[in-house]
Amino acid sequence: MTIKEISEAMEKIGCLSYTTLDGGTLHSRIVHTLGYDEEGLYFLTMDSKPFYRQLKFNSQVAVCGMYPASRPTGKNAVGQPAFEPGYTFRLSGEAEEVPEETIRAKAETGVQLFKYFLEDAARYPATRLFRIYRGKGEIFDFDFEMARRDHKLERTRFSFGGETHSEPGVRISEDCIACGECAETCTFKAIEPGEPYRVLGSRCDECGSCLLVCPQEAIEPSRTI
């Protein structure tokens, strides 16, 4: 997945939650991502805000959001909350402040996001530009009622700036006896028969149902991104 595609997914959501650390305490706030280039994903803050001070002290930042809405539309046929098809977005990365000389040099080449920053900073001089230059995350594309396709999930993981990521989904080991219990219990159509059976990680919700029914304990839990 390209950084352009990552940025487009964020832009479609609009404003996302950005979380930073202040000592041992997590702090979240809603931020609009400004744009991207080959060096990262850009956003604004002001040096008068705790957000700025937290980023300068600890570069780690987590971002998440949901499209098109976080509210269910009602209940489905089995009484669970129903959501129209959409996706959630999450990213864990490291951010750095962009020096003014870099901003001006890029603005002079006509790049709009840097021109916008200079215009905004002229109005609010405390404004500062940051970029997430390294990160990894996931787009969790859901259609729980299977209105637009024959399965519920498509999960895409990504990384950039030298970061790496693990693939989603639980894993079936060589201890599998091909009894089929896991595939029968999976409502996400994420398990294919074979010897051993195989998990399609992009479809796996990591719900744990297959782990509970496997008579061989041959299914390994998912890994952190």
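For the structure, check the block above.
Residues numbered from 1 in each chain as written. Predicted model: local features only at pLDDT ≥ 70, side-chain atom pairs only at ≥ 80, totals over all residues. Heavy atoms only, no water.

Q: How should I be thinking about the side chain of S17 in this particular structure?
A: Here S17 lies in strand 1 (residues 15-22). Given a relative accessible area of 16%, S17 falls into the buried group. Those residues in contact with S17, other than ones at most four positions away along the chain, are S28, R29, I30, A62, V63 and C64. (Helix = DSSP H or I, 4+ residues; strand = E, 2+ residues; numbered from the N terminus. Buried < 20%, exposed > 50% of the residue type's maximum accessible area, 1.4 Å probe, protein only. Contact = heavy atoms within 4.5 Å.)

Q: Which parts of the structure should I look at to understand the side chain of T45?
A: If you trace the backbone, T45 turns up in strand 3 (residues 40-46). You can call T45 buried: its relative accessible area is 6%. Residues in contact with T45, not counting those within four places in the same chain, are F51, Y52, A126, T127, R128 and F130.

Q: How should I be thinking about helix 1 (residues 3-13) in this particular structure?
A: Every α-helical turn comprises 3.6 residues, leaving residues that sit three or four positions apart pointing alike. Of all the positions in helix 1, only I3, I6, S7, A9, M10 and I13 are classed as buried. An end-on view of helix 1 places all buried positions within 160 degrees of arc, on one side of the element. (Arc of directions from axis to C-beta.)

Q: Is there a simple way to explain the nonpolar core in this structure?
A: The tendency in soluble globular proteins is for nonpolar side chains to be buried side by side. Counting residues in hydrophobic clusters, the biggest one holds 24 residues, and the most contacted among them are Y18, F43, V63, F89 and I132. Listed by contribution, the elements that provide at least two residues to this core are helix 1, strand 1, strand 3, helix 2 (50-57), strand 4 (60-67), strand 7 (86-97), strand 8 (127-142) and strand 9 (153-160). The element that contributes the greatest number of residues to this core is helix 1, accounting for five residues. If we ignore the near neighbours within four places in the chain, the residues touching Y18 are M10, H27, S28, R29, V31, T33, F43, F51, V61, A62, V63 and I132. (Core = buried A, V, L, I, M, F, W, Y, C linked by side-chain atoms within 4.5 Å.)

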